[in-house]
Structures are given as structure tokens and as C-alpha cells.
Amino acid sequence: MSQNLPALLVVVPLLLAPLAALSGRAKIAWGIATAACWWTLYAAISLLLRVQESGVIRYSLGGWEPPYGIEYRIDLASAFVALIVAAIGAVTIPYAGTSIAKEVSEDRAPLFYTAWILMLAGLLGIAITGDVFNVFVFLEISSLSAYSMIALGQDRRALTSTFQYLIMGSVGATFIVIGIGLMYVMTGTLNMVDLAERLPMVESNRTIPVAFTFLTVGITLKLALFPLHLWLPNAYTYAPSAVTAFMASTSTKVSVYLLLRFFFTIFGEVFSFEQMRLNMVLMPLALIAILAISLVAIYEVNVKRMLAFSSVAQIGYMVLGISFGTVLGVTAGIIHLFNHALMKGALFMAMGCVMYRIGSVQLDKMAGLGKAMPWTMAAFVGAGLSLIGVPLTVGFVSKWYLVQAALAEGQWFVAGVVMVGSLMALIYIWKVVEVAYFQEPDPDHEIIEAPLSMLIPTWVLVIASFWFGIDATTTATVATQAAETLLGAMP
Amino acid sequence: MSEGWIIGLTVLLPVIGAMAVLLLRNAPNAREAATLVAGGATFWNVWGLLRLVQDGARPRLDLLEVVPGVHLAFEVEPLGMVFALVASFLWPVTSLYAIGYMRGHHEENQTRFYFFFAIAIAGALGVAFSANLFTLFVFYEFLTFCTFPLVTHHQTEEAKRSGRIYLGILLTTSVGLQLVAIIGTWVLAGTLDFRTGGILAGTASTGLLSGILVLYVYGVGKAALMPFHRWLPAAMVAPTPVSALLHAVAVVKAGVFTVLKIAVYVFGIDLLQTLATTSWLAWAAAATIILGSLVAFQKDNLKARLAYSTISQLSYIVLGAMLANDLGIIGGGMHIAMHAFGKITLFFAAGAIMVAAHEKKISRMHGLGRTMPFTFGAFFVGSLSIIGLPPAGGSWSKWFLGMGTLEADQYGLLAVLMLSSLLGLYYLIEVPVKAFFFAPPEDAHHGEGIKEAPLPSLIAIGITATATVAFFVWPDLWYDLMTMVVGGAP
Amino acid sequence: MIALGLFNYWAVIVLMMVGFYTLIARGNLVKKLIGLNIFQTSVILMYVSFGKVEGGTAPILIEAAEHGAEAAEPILYSNPIPHVLMLTAIVVGVATLALGLSLVVRIKEAFGTVEEDEIQSASL
């Protein structure tokens with residue numbers, strides 16, 4: 001079994017998904033989804049350990065040797081991303097059990113969990129596959145299931161925002177297919193390793209820059225880099241709470257991983273950065289995302305939406321790190337990938353708890369919540385401190401590496417922008433804190449603390465965001481090694 | 001128990017005290033006793049460490065590695081000892097004072113008050129004992145956040161506004177400037193440890209290093225160098241014990257302490273002398289000294305006047321650091337202690353007046369001296385120390401700072417020091433003089449039923465006022481420690 | 001001649017632009033979906049054109065015995081992989097369309113319209 005672990009990581013959830021659909025009962029479907037999530041967590045951990053121990057795992061699906069068959073290729077970066085996805089899935093699923101029971105009707109719940117499992121499988125598939133067309137397939141599996149889950153939000157605007165997401169997401173995916181097709185026609189292979197070998201031979205051909213451009217646009221659309229982020233705020237705002245928490249911490253992260261995979265492993269750092277001057281595009285966009293979108297977040301009064309905008313800004317940080325094209329920068333990007341998953345997951349989950357109890361996440365409805373829901377709001381403040389980048393939280397570790405990467409390149413201005421961004425995070429987080437702690441609660445409504453089944457997962461992430469902020473040596477080491485493998489692919 | 005763990009215990013004791021406060025929240029007497037016991041124990045521990053440091057030892061405790069190469073670590077050296085002594089001694093004293101004040105003033109949420117108070121002291125001790133810039137920054141920010149609930153203690157609209165200014169300025173400077181400088185130092189020097197002689201010398205052009213120095217000095221917002229001083233007057237909405245200990249001692253001194261520490265152990269005096277911005281920053285500090293005094297002049301609210309006086313006095317220490325010579329550093333370091341004892345006496349007195357007579361405005365305190373002679377007497381002693389007149393400790397630190405300006409051939413700065421003392425003479429001495437010799441205003445209802453503040457508060461005032469005078473006679477403790485900092489024999 | 005030789009690709013680009021334009025410019029959600037579908041279909045056409053080899057036959061393995069002597073001349077096959085890939089893409093496209101249409105149905109139920117501007121004014 002351990003031999004086939006790479007395949008089982010994806011296949012087990014894919015097999016469990018129809019079972020959940022057929023189960024017909026919310027509780028049973030939830031149980032199956034939990035099993036799927038916990039299984040993938042186990043598999044992802046063992047894969048990461050194995051990669052650390054013995055290097056890259058190559059697995060030929062169905063015994064077909066590459067380039068004829070599809071190959072799963074797991075290096076440190078993929079194992080790390082897979083672990084993030086699986087871990088977030090495992091933490092959010094107990095939370096979803098309670099929150100979905102309230103937000104999604106009983107007859108739809110089994111289908112909801114089916115979509116959940118499929119999305120998990122899709123995201124994990126993207127992380128570990130070594131075949132570019134397979135990337136597209138998994139991308140669409142995860143996206144389509146994400147669309148259907150978002151559409152189950154209570155607000156009717158969930159439908160329109162899903163539609164918007166569907167259109168933009170499909171365009172992004174189609175752009176990626178075009179890019180893949182153009183690469184295939186020039187090289188005759190879909191295998192990432194083969195592509196990396198053959199692309200340099202044909203890179204003077206005009207088709208390759210075109211393929212590169214299509215892929216860049218497609219992936220940046222999927223990862224919601226400014227100005228292609230328009231689908232994200234609405235989708236995150238109106239999706240069911242658990243879905244927002246799960247998606248915010250995983251799906252954009254996987255897209256960032258794709259960006260790394262395509263730019264560094266396949267096209268190579270030299271082509272991406274020296275020939276195509278990718279940094280000239282990514283860096284300004286990332287900086288604008290950090291500044292402009294944080295500003296938008298400050299003026300937002302729906303807290304979920306505010307956090308969604310903050311996510312766009314935080315994606316700016318990850319892309320900024322990548323845009324340096326150095327080991328330090330990519331390390332910063334990968335670290336922030338992990339760290340942001342922890343803190344944004346916790347923040348959205350805290351908001352889900354608020355949603356569960358008061359049915360709204362409008363700022364003015366949250367008056368006095370610091371007293372009424374002390375644990376929920378404490379979790380929000382804890383994760384918020386991390387978002388701001390207070391020392392001994394994961395947010396600080398991210399900023400530490402990011403600014404270090406900027407200063408190592410002599411980019412003092414960029415370092416300044418990063419800091420301004422975290423101060424803007426302070427403003428929007430503190431807006432919530434002031435309302436929750438300085439205003440008196442509405443005496444007409446008796447509000448009680450969220451149920452434990454939601455609080456515990458939230459706090460797991462909050463504690464993790466402090467734990468990995470106090471001892472970041474593990475994440476930093478893995479991220480550095482992953483960055484070195486990514487950049488080392490091309491000498 | 002190894003020496004290292006004594007440090008850990010010292011920083012941990014206030015936290016333990018805070019937990020005890022939380023557990024005893026339903027028994028006010030036991031709760032306050034817990035604070036006092038924790039305070040006494042902390043000071044006793046610091047005193048033990050002092051003995052080691054005086055013998056030339058440098059106890060060290062490595063806690064853990066946060067990111068590769070960057071450790072959370074403590075090391076006790078003389079400069080940190082000065083700060084730790086001041087903070088840990090004044091904590092139990094202030095707690096004693098707070099018992100009288102908080103009860104006399106019928107404050108709410110007293111448990112939260114004592115809890116965060118203790119936590120803040122842990123933060124201050126962490127700053128004092130930090131072995132590298134990272135640890136320093138961690139506790140610096142920790143101190144900012146755990147004093148926020150104290151500043152906004154009353155949870156009013158005004159408290160909220162002040163809290164915004166407080167957090168806004170302190171975090172903007174520390175994250176926007178100081179952290180950039182720290183990471184810059186890490187990139188340039190490859191280490192963040194505090195080392196005698198500095199770590200930055202020769203790592204980059206003097207132009208770049210000058211820039212980093214500016215980032216550091218302005219980045220330490222807690223040193224309240226203008227224009228980043230607004231948070232300090234804003235923090236005065238807090239209950240007086242908070243203003244007294246945190247915004248005259250722990251928090252602001254953490255700021256100037258950081259500046260001194262960076263000047264001595266990151267840049268090193270020799271390097272500082274070669275940087276273009278050093279003397280420029282000295283003049284920026286001089287400007288703050290004068291402007292702070294002038295603003296203090298116009299404030300009728302006693303606490304606001306004291307706050308601006310603090311801003312002015314803090315810049316003495318920044319000035320001392322930027323003189324970049326031994327005498328300046330010694331003077332600056334001594335001023336941390338001298339100003340702390342003097343200013344806390346003033347704040348204690350201001351709080352006592354508020355509790356006993358419910359007066360905040362100086363113009364309404366005329367004649368109060370006759371009913372509260374002890375309080376105003378203490379205020380007088382504290383004022384002398386701040387101005388720098390014998391027989392109060394402040395005269396020694398001002399003496400060394402003055403000598404430092406002469407050593408640096410900066411006669412202009414000497415003139416600034418003189419002028420500021422003259423201004424201080426007016427705006428501080430005015431208060432007790434008018435209280436003793438002026439007739440009370442017509443509509444004032446004092447006289448009937450007003451007596452001195454509650455006894456615990458009076459004891460606290462007595463202790464700090466006595467200490468202020470005692471340090472005039474015996475300043476050796478501080479002087480010896482500071483000589484060790486600049487490399488003299490212990 | 002060159003332009004004509006690339007006829008397939010011209011068709012792909014025209015279809016792509018038509019689809020993309022409809023997708024962006026039309027306010028009717030159903031028309032948007034149609035645009036999306038044309039856009040996706042153009043890509044399918046592009047892939048299939050990649051796979052086409054001049055004079056090639058369907059890639060079905062023919063037993064040499066049946067061919068006898070003719071087998072000496074190698075048989076020219078079209079590249080099957082792009083076709084296979086497009087089977088997957090078609091499935092994805094169908095799924096997307098189905099999901100999109102079901103969303104439109106529910107939007108119609110919830111808002112009473114499928115026009116974008118009317119929905120926007122309704123959600124305010």
C-alpha cells in the first residue's frame with residue numbers, strides 16, 4: 001500500500017465522493033468526508049516525511065511509464081502544499097459538520113459533502129501531479145466543486161457571485177489549456193520534467209512566449225492576483241462559512257504553487273525572469289495589490305468581505321516574494337503560503353462562529369461581541385495579530401523573510417510597502433476589535449458562545465499560528481529546501 | 001539552578017503574579033497581596049542578578065531558535081540591569097500606590113488592571129534582558145499590546161480614540177521603521193546579537209548606515225522623539241498608576257533604553273561618531289527637549305503637563321546616546337533611573353490630588369498645599385530632580401550629559417540643556433508654589449473634608465521621594481553600572 | 001497561401017474572439033454561457049488541429065498480416081493524444097455548462113431575471 005500512496009492520496013477521496021452522494025443522510029456524508037480528510041492528512045504527512053528522507057517520489061499511474069502515462073511527481077514543494085491542503089481540510093471538516101448543518105438544508109448536505117471531498121481530491125491532485133494536462137483536469141475538478149459549494153450559501157447573492165466566479169474561473173482554466181496546448185505542440189510532451197528539458201531547445205520560437213503568457217494570465221486569474229481578483233471577494237463573502245475557511249486557505253494557495261511549478265520547474269527561472277521579465281509584471285501588481293486592496297479592506301463593513309479583500313492583498317505578498325526570483329524570495333512566498341493558510345483559515349472560522357450565532361457578519365451587528373462570545377473574538381484577535389505581523393506569530397515570520405528578501409536585493413522601497421501593508425492590516429483588524437470590545441451589546445439579543453465543535457477547530461488554527469510563529473525553524477527549513485529544489489531545477 | 005534560569009524566572013514571575021491575580025479575582029485583598037508578593041519576588045531576583053553583573057558575569061539564557069539563526073535569548077548586561085532595577089523596584093511600589101488609588105477612585109475592572117499591569121512588567125523585563133535585537137523587538141511589541149487594555153481601561157469614546165493614537169503611532173514606527181532597520185541589520189551583519197563595540201561597523205557604506213540609524217531612532221516610537229510623541233499625551237487617559245509606572249517608567253524607558261542599547265551595542269560609539277546623521281539626530285532630540293518644555297508650559301491639566309515634560313526629558317537620553325561619547329552614554333543611562341524616580345513621584349502626587357481633591361487642573365489647585373502638604377512636598381522634591389537641582393538625583397545625570405556636550409564640542413546643545421532646565425524650573429515649581437502660597441479660587445470646594453490621599457498611596461510617594469533624594473547622595477550604583485557599559489572597570 | 005494553410009487556426013481565433021466578446025459584452029447570463037462555450041470549443045478545435053497529420057489516418061493498429069506486402073510502407077497516423085485530451089476537455093466543458101445553466105435557473109428563481117444589470121439593481 002505504501003508503494004501506491006501517491007495514487008491513493010487522490011484516489012481514496014475520489015472513491016469516497018460518490019459514496020457520500022449516495023448516502024442520503026447529512027451525518028453519514030459528513031462522516032465519509034471526515035474519513036476522506038483524515039486519510040489525506042495521514043497520506044500527506046507520510047509523503048512529506050518520505051520525500052524529506054529519500055528525495056523526489058516518481059509514481060507512474062496505472063503502471064504506464066512516462067511520457068505515455070501520467071506521472072505523479074512529488075518533490076518537497078508539492079508534498080508541502082499537499083500537506084497544507086490536507087491539514088486545513090482535516091481541521092475544517094469537524095467545523096463544517098456543525099456550521100453546515102445550520103447553513104445548508106439537510107437534503108442538499110450529502111451533495112455538499114460530495115463536492116467537498118471532490119474539491120479536496122482536486123487540490124491534492126494539482127499538488128502532486130507531474131503532468132500538465134492532469135493539472136488542468138484536477139483544477140477543473142476542484143473549481144467545479146467549489147462553484148457548487150459556494151452556490152449553497154444562504155444569501156441569494158451567493159448565486160450571482162458563483163456565476164461570476166464560474167465565468168472567470170472557466171476563462172482562466174481555458175487560458176491554461178491554451179498555454180498547455182501550445183507547449184505540447186512545440187515539445188510533444190505533457191510531462192513536466194520532459195517539458196523542462198525540451199523547452200530550452202525551442203524557446204526562441206515565438207509560440208513559447210505566447211504559451212507562457214496564456215499560462216501566466218490563466219494562473220494569475222485562478223490565484224486572484226490584482227487586477228484579476230474580482231471574482232474572489234463576492235465568492236468568499238457569500239459562500240457558507242466552512243467553505244470560505246477551506247477555500248481561502250487552500251485553493252488560492254494551490255494556484256500559487258502552480259505559478260511556482262510553471263515558472264520555475266517548467267519554464268525555468270532564467271526564461272521566466274530574464275527573458276520574459278516576469279518580475280516586471282508581477283512585482284508592480286503585487287505591490288498594488290498590497291496597497292490598494294488593503295485600502296479597500298479598510299473601508300469594508302462586512303467583515304467576511306473585508307477578510308476576502310485582505311486575502312487578495314496577502315496573495316500580493318506571496319507573489320511579491322516569488323517575483324524576486326531568488327531563493328530567499330521564493331522561500332518567503334512558500335512560508336507565507338503556509339502561514340496565511342493558518343491565519344486566514346482561523347479568521348474566517350471565527351467569522352463563521354459569529355455568523356452561526358448572530359446570522360450576520362456586518363460590523364455594526366458585532367457590537368459587544370467581546371463579552372458575549374469571548375473565545376470566538378479572542379481567536380479573531382489572535383489570528384488578527386498574526387495577520388498584522390506581530391512578533392511570535394506566523395505573520396511575523398512571513399514578513400521577516402519577505403523583507404529580508406527585499407533588502408537582500410537592495411529594494412528598500414519594497415520593504416517599506418510590505419510594512420505599510422501590515423499597518424493597514426492593523427487598521428482593518430482593529431476596526432473589528434473596537435466594535436467588539438468597546439461598544440455595548442444590544443440588550444435585546446441574548447448571544448451565547450459558539451458551539452465547541454466550531455471553537456476547537458478555530459483554536460487549533462489559532463494555536464498553530466502562534467506555534468509556528470514561535471518555532472518557525474521547521475517551516476523555514478522545509479520552505480528553504482523547497483525553494484532550492486524549485487530554483488535548482490535549472491542550474 | 002543555573003544563572004540563566006534565574007533570568008527566565010525573573011521574567012516569568014510577573015506572569016505568574018498575573019495568573020494569581022486572575023485566580024484571586026473574587027478576593028481583592030488576596031489579589032493585591034499576590035501582586036505585591038510577585039513584585040517583591042521579582043525585585044529580589046533582579047537584585048540577585050545585579051550582584052552577578054557587578055562581579056562582571058553576564059548570565060545568559062537561550063530559549064529557542066525562532067527562525068534559523070535567530071534566537072529568543074536573554075543576557076543580562078549593565079545597561080539592561082539599570083532598566084530592570086528601575087522597573088522591578090517601582091512595580092511593587094506602584095502596586096502599593098494603586099491599591100489606594102484604584103479603591104479611592106472606585107475604578108471598575110480592577111482585576112484586568114492588575115493582570116495587564118503585571119504582564120506589562122514582564123514585557124519590560126524582557127526588553128531589559130534581551131540578548132539580541134529580535135528578542136528586544138518581540139518584547140517591545142509585546143509591551144505595546146499588553147498596555148493597550150490599560151490605556152483604554154475606561155472603555156469610553158475618549159479612551160478608544162486615545163487607544164487608536166497609542167497603538168497607531170507605536171506600531172507605525174516600530175513596524176514601519178524599526179523592523180525594517182532590524183532586518184536590514186540582519187542582512188548586512190548576519191547577526192542580531194548585542195556585542196560590545198557594535199555589529200554594524202564596516203558592513204556597509206556610512207551613508208547607508210546613517211540611514212539605518214535614522215530608521216532606528218525614529219523607529220523606537222516609545223522614545224517619543226518628535227514628531228512621534230503624540231501617543232504619550234494620549235495615553236494619559238489611563239488611570240494614574242498606569243501613567244506613573246508605564247508612561248513615565250516602563251514603556252517610555254523601554255524606548256530610550258532601546259535607543260541607548262542600539263547606540264552602544266549595535267552601532268558602537270566609534271561608528272556612531274563617523275555617521276553624518278548622529279549629530280543631526282542630536283539636534284532633533286534637542287528640538288524635542290525645547291518644544292516639549294514649551295508645550296508643557298501651556299498645559300493646565302497636570303497630567304498633560306507631566307506628559308510633555310516626559311517627552312522633553314526622554315530626549316535628554318536620546319541626546320546622550322547621540323553625543324556618541326562615554327559621558328553622554330553614562331549621563332543618558334543614569335537619567336533613565338533618575339528621571340524614573342523623579343517623574344513617578346510627580347505622577348503619584350498628581351494621582352493623589354485627583355483621588356483626594358478631584359482636581360486635574362493646575363489653576364484649581366491653588367491653596368491645596370495647605371491641606372495636602374505631604375503630597376505637594378513630594379511633588380517639590382520630584383520637580384527638583386527633573387530640573388536637575390540638588391539635592392535630588394537628577395542633578396547627576398544632567399551633570400554628565402552637560403559634560404558630554406562639552407566633550408563633543410557642542411556648546412549649542414549645552415545651551416539647550418540649560419534653557420530646558422530653566423523652563424522646567426518654571427512649569428514644574430509653579431505647581432507646589434501656587435499650591436502652598438496662593439489663595440484657593442473662590443468657587444473651590446476644597447478645604448472642607450479634603451485630606452491626604454489613602455495611606456498606601458502616601459507610603460508609595462514617600463518611598464519614591466526619599467529615593468530621589470538618596471540618589472543625590474549615593475548615585476554610585478547607577479554610575480558604576482554605566483561605567484561598565486562604556487567599558488570602564490566595574 | 002500561408003494564411004489559407006493555417007485556416008484551422010484562423011477559425012480558432014475567430015471563434016475564440018467571438019466567444020470571448022460575447023462572454024464579456026453580453027448582460028444576459030445565458031448568452032454569457034453560450035459565449036463561454038464557444039470560447040471553450042475553439043480550444044477543442046485548436047487541439048484537434050494540432051493532432052492532425054497531413055495524410056494521416058485514424059490511429060488504429062492494423063494487423064500487419066492483413067496488409068501483407070503493403071506493410072513495408074509505414075502507415076501514417078494522426079496524433080491521438082490531443083484527441084484524447086479533448087475528450088476530457090469536452091467533459092469538463094459539459095459539466096461547466098450544466099452547472100452554469102443550473103445556476104442561471106436558480107438565479108431566475110431568486111431574482112426573477114437573468115439580465116445582469118437588473119440583478120445588480122435587485123441586489124442593492
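Just so it is clear, the structure is predicted and the values come from calculations on it, not from any experiment.

The next point concerns the overall build of chain B. Along chain B, the regular secondary structure elements total 18 helices and two strands. When the backbone C-alpha atoms are referred to their principal axes, chain B occupies close to 70 × 55 × 45 Å. Within chain B, the fraction of its 490 residues that count as buried is 65%. Across chain B, the fraction of contacts at a sequence separation of at least 24, relative to all contacts at a separation of at least 6, is 81%. For chain B, the accessible surface area stands at approximately 15,600 Å², while carbon and sulfur atoms represent 65% of it. Counting 26 positive and 26 negative side-chain charges, chain B places the averaged centre of each group 8 Å from the other.

In terms of regular secondary structure, chain C is built from six helices and zero strands. Traced from its N-terminal end to its C-terminal end, chain C shows the element sequence α-α-α-α-α-α. Within the span of chain C, comprising 124 residues, buried residues form 31% of the whole. Across chain C, the fraction of contacts at a sequence separation of at least 24, relative to all contacts at a separation of at least 6, is 54%. In the structure as shown, chain C presents an accessible area of about 7,600 Å², 69% of it carried by carbon and sulfur atoms.

Next up on the list: helix H1 (residues 5-23) of chain A. Three or four residues apart is the spacing at which side chains of an α-helix point the same way, because the helix has 3.6 residues per turn. Residues and elements named next belong to chain A. Look at H1: 26 Å from first C-alpha to last across 19 residues, which is about the 27 Å you get at 1.5 Å a residue. Of the residues making up H1, those classed as buried are Leu5, Pro6, Ala7, Leu9, Val10, Pro13, Leu16, Ala17 and Ala20. The elements touched by buried residues of H1 are helix H2 (26-54), strand E1 (57-60), strand E2 (71-74), helix H4 (109-128) and helix H5 (132-150). Phi turns positive one or two residues past the end of H1, at Gly24, with a value near 80 degrees.

With that settled, the discussion passes to the pattern of salt bridges. In this structure the tally under the stated criterion is 14 salt bridges over all chains. Between Lys32 of chain C and Glu116 of chain C there is a salt bridge; the shortest N-O distance is 3.8 Å. Taken together, the residues Lys32 of chain C in helix H3 (residues 29-51) and Glu116 of chain C in helix H6 (residues 116-123) connect sequence positions 84 residues apart. A residue is classified by how much of its surface remains accessible, and Lys32 of chain C, at 8% relative accessible area, is buried. One network of salt bridges, with partners in common, ties together Arg60, Asp62 and Glu75 of chain B.

This part is about the pairing of strand E1 (residues 60-67) of chain B. All names here are of chain B. Two elements, E1 and strand E2 (residues 70-75), share six bridges in a ladder whose sense is antiparallel. Following the sheet pairing, Leu61 is matched in E2 by Phe74. Remark: two residues form the turn of the hairpin made by E1 and E2, two consecutive strands paired antiparallel; Gly69 in that turn has positive phi of roughly 95 degrees.

The peptide bond linking Phe226 of chain A to Pro227 of chain A adopts the cis configuration, its omega dihedral lying at 0 degrees. Within the fold, Pro227 of chain A resides in the loop between helix H8 (207-222) and helix H9 (231-238). A cis amide bond links Pro390 of chain B to the next residue, Pro391 of chain B, at an omega of 5 degrees. With respect to the helices, strands and loops of the structure, Pro391 of chain B is situated in the loop between helix H14 (373-387) and helix H15 (394-407). One non-glycine residue with positive phi stands out, namely Ala324 of chain B, at about 55 degrees. Within the secondary structure, Ala324 of chain B is located in the loop between helix H12 (302-322) and helix H13 (326-357).

This paragraph deals with the interface of chain C and chain A. The partner chain A presents 30 residues to the 34 residues of chain C that form the contact. Of all residues in chain C, the largest losses of buried area upon contact with chain A belong to Leu99, Leu103 and Arg106 of chain C, amounting jointly to 19% of the total for that side. At the junction of chain C with chain A, the criterion picks out zero salt bridges. Between the two partners, chain C and chain A, sit four residue pairs in polar contact (both at pLDDT 80 or more).

Now for the packing of H13 of chain B against helix H17 (residues 455-473) of chain B. Each pair of packed helices gets described by two things: the angle between the helix axes and the distance between those axes. All names here are of chain B. Between H13 and H17, whose axes approach to 9 Å, the crossing angle comes to 150 degrees. On the basis of the axis angle, H13 is roughly antiparallel to H17. As H13 packs across H17, the resulting crossing turns out to be left-handed. Where H13 approaches H17, its residues Met338, Phe341, Gly342, Ile344, Thr345, Phe348, Ala349 and Ala352 are matched on the opposing element by Ala460, Ile461, Thr464, Ala465, Ala467, Thr468 and Phe471. The residue inventory of the contact of H13 with H17, partitioned by class, reads 11 nonpolar, four polar and no charged.

Further remarks concern the packing of aromatic side chains. Per the stated rule, a full pass over the model turns up 54 aromatic pairs over all chains. With centroids separated by 6.0 Å and ring planes inclined at 45 degrees, the aromatic side chains of Phe112 of chain A and Trp116 of chain A adopt a geometry described as tilted. Residue Phe112 of chain A and its partner Trp116 of chain A are located together in helix H4, separated by four residues, close to a single helical turn. Accessibility assignment for this pair places Phe112 of chain A and Trp116 of chain A in one class, buried. Note on Phe436 of chain B and Phe437 of chain B: the rings are 6.4 Å apart at their centroids and 55 degrees apart in plane angle, and the pair reads as tilted.

Looking now at the packing of helix H6 (residues 157-187) of chain A against H9 of chain A. All names here are of chain A. At a closest axis distance of 9 Å, the pairing of H6 and H9 adopts a crossing angle of 140 degrees. As summarised for this structure, H6 and H9 are arranged oblique, according to the angle between their axes. The interaxial crossing formed by H6 with H9 has left-handed handedness. Note on element contacts: H9 touches H6 through Trp231, Asn234, Ala235 and Tyr238, opposite Arg157, Ala158, Ser161, Gln164, Tyr165 and Met168. Along the lines of polarity and charge, the residues of the contact of H6 with H9 split into six nonpolar, three polar and one charged.

Below, the discussion takes up the interface of chain A and chain B. On the chain B side, the residues contacting the 29 residues of chain A number 32 residues. Across the chain A to chain B interface the summed buried area is about 2,800 Å²; carbon plus sulfur atoms make up 81%. If you sort the residues of chain A by the area they bury against chain B, Trp400, Trp412 and Phe438 of chain A come out on top, with a joint share of 25%. There are one salt bridge connecting chain A and chain B. As a salt-bridge pair, Arg164 of chain B and Glu434 of chain A come within 2.7 Å of each other at their nearest N and O atoms.

With that settled, the discussion passes to the nonpolar core. Counting 438 residues, the largest nonpolar core has Trp400 of chain A together with Phe267 of chain B as the members making the most contacts within it. Not counting the four nearest positions on each side in its chain, Trp400 of chain A is found in contact with Val67, Val70, Phe134, Ile182, Ile183, Trp186 and Leu192 of chain B.

Contacts are most numerous, across the two pairs of chains in contact, for chains A and C. The least C-alpha distance between chain B and chain C, which are not in contact, is 32 Å.

The next thing to look at is a nonpolar patch on the surface. Together, Trp396, Trp399, Met403, Leu406 and Tyr411 of chain B line one region of the surface with nonpolar side chains, adding up to about 520 Å² of accessible area. Top contributing element to the nonpolar patch by residue count: H15 of chain B, with four residues.

Okay, the side chain of Asn339 of chain A next. Tracing the backbone through its elements, the reader meets Asn339 of chain A in helix H14 (residues 327-358). Beyond its immediate chain neighbours, meaning those up to four positions away, Asn339 of chain A contacts Val394, Val397 and Ser398 of chain A.

Before going further, it helps to spend a moment on the state of the cysteines. All names here are of chain A. This structure, assessed with the given rule, holds zero disulfides over all chains. No disulfide involves Cys37; its sulfur sits 18 Å from the nearest other cysteine sulfur, which is in Cys353. On the basis of relative accessible area, Cys37 is assigned to the buried category, the value being 1%.

So, on to the confidence of the model for chain B. On average, residues of chain B score 85 in pLDDT, and 97% of them reach the 70 mark or higher. When mean pLDDT is compared element by element in chain B, helix H5 (residues 133-151) of chain B scores highest at 89, while helix H18 (residues 476-485) of chain B scores lowest at 83.

A word on the environment of Asn4 of chain A. All names here are of chain A. As for its position among the elements, Asn4 is in the segment before H1. Sequence separation of Asn4 and Ser60 is 56 residues, and the distance between their C-alpha atoms is 9.6 Å. At 2.9 Å, the side chain of Asn4 forms a polar contact with the side chain of Tyr59.

Moving on, we get to the side chain of Thr288 of chain B. Residues and elements named next belong to chain B. Among the secondary structure elements, Thr288 is positioned in helix H11 (residues 276-298). A polar side-chain atom of Thr288 sits 3.0 Å from the main-chain carbonyl oxygen of Ala284. Setting aside chain neighbours within four positions, we find Thr288 in contact with Ala224, Leu225, Met226, Ile311, Ser312 and Ser315.

Detailed conclusions should not be drawn from predicted coordinates in areas where pLDDT is low. The predicted model of chain C has a mean per-residue pLDDT of 82, with 85% of residues at 70 or higher. Interface confidence for the predicted complex, given as ipTM, is 0.88, next to a pTM of 0.89.

Cut-offs used in this document
- Residues numbered from 1 in each chain as written.
- Chains lettered and ligands numbered in written order.
- Predicted model: local features only at pLDDT ≥ 70, side-chain atom pairs only at ≥ 80, totals over all residues.
- Heavy atoms only, no water.
- Helix = DSSP H or I, 4+ residues; strand = E, 2+ residues; numbered from the N terminus.
- Buried < 20%, exposed > 50% of the residue type's maximum accessible area, 1.4 Å probe, protein only.
- Contact = heavy atoms within 4.5 Å.
- Areas by Shrake-Rupley, 256 points an atom, 1.4 Å probe, with all protein chains shown as cover.
- Lys, Arg positive; Asp, Glu negative; His and termini not counted.
- Charge placed at Lys NZ, Arg CZ, Asp CG, Glu CD.
- Expected span 1.5 Å × (residues − 1).
- Salt bridge = Lys/Arg side-chain N within 4 Å of Asp/Glu carboxyl O.
- Pairing = 2+ DSSP bridges.
- Buried area = accessible area lost by both parts, 1.4 Å probe.
- Polar contact = N/O pair within 3.5 Å; in protein donor to acceptor, adjacent residues only side chain to side chain.
- Axes fitted to C-alpha atoms, helices over the stretch in contact; angles between N-to-C directions.
- Parallel < 35°, antiparallel > 145°, perpendicular 65-115°, else oblique.
- Left-handed = near helix turned anticlockwise from the far one by under 90°.
- Nonpolar A, V, L, I, M, F, W, Y, C, P; charged D, E, K, R; others polar.
- Phe/Tyr/Trp six-rings, centres within 6.5 Å; stacked < 30°, edge-to-face > 60°.
- Core = buried A, V, L, I, M, F, W, Y, C linked by side-chain atoms within 4.5 Å.
- Patch = residues over 30% accessible without salt bridge, like charges linked within 9 Å, V, L, I, M, F, W, Y side chains within 5 Å.
- Disulfide = S-S within 2.5 Å.
- pLDDT = per-residue confidence, 0-100.

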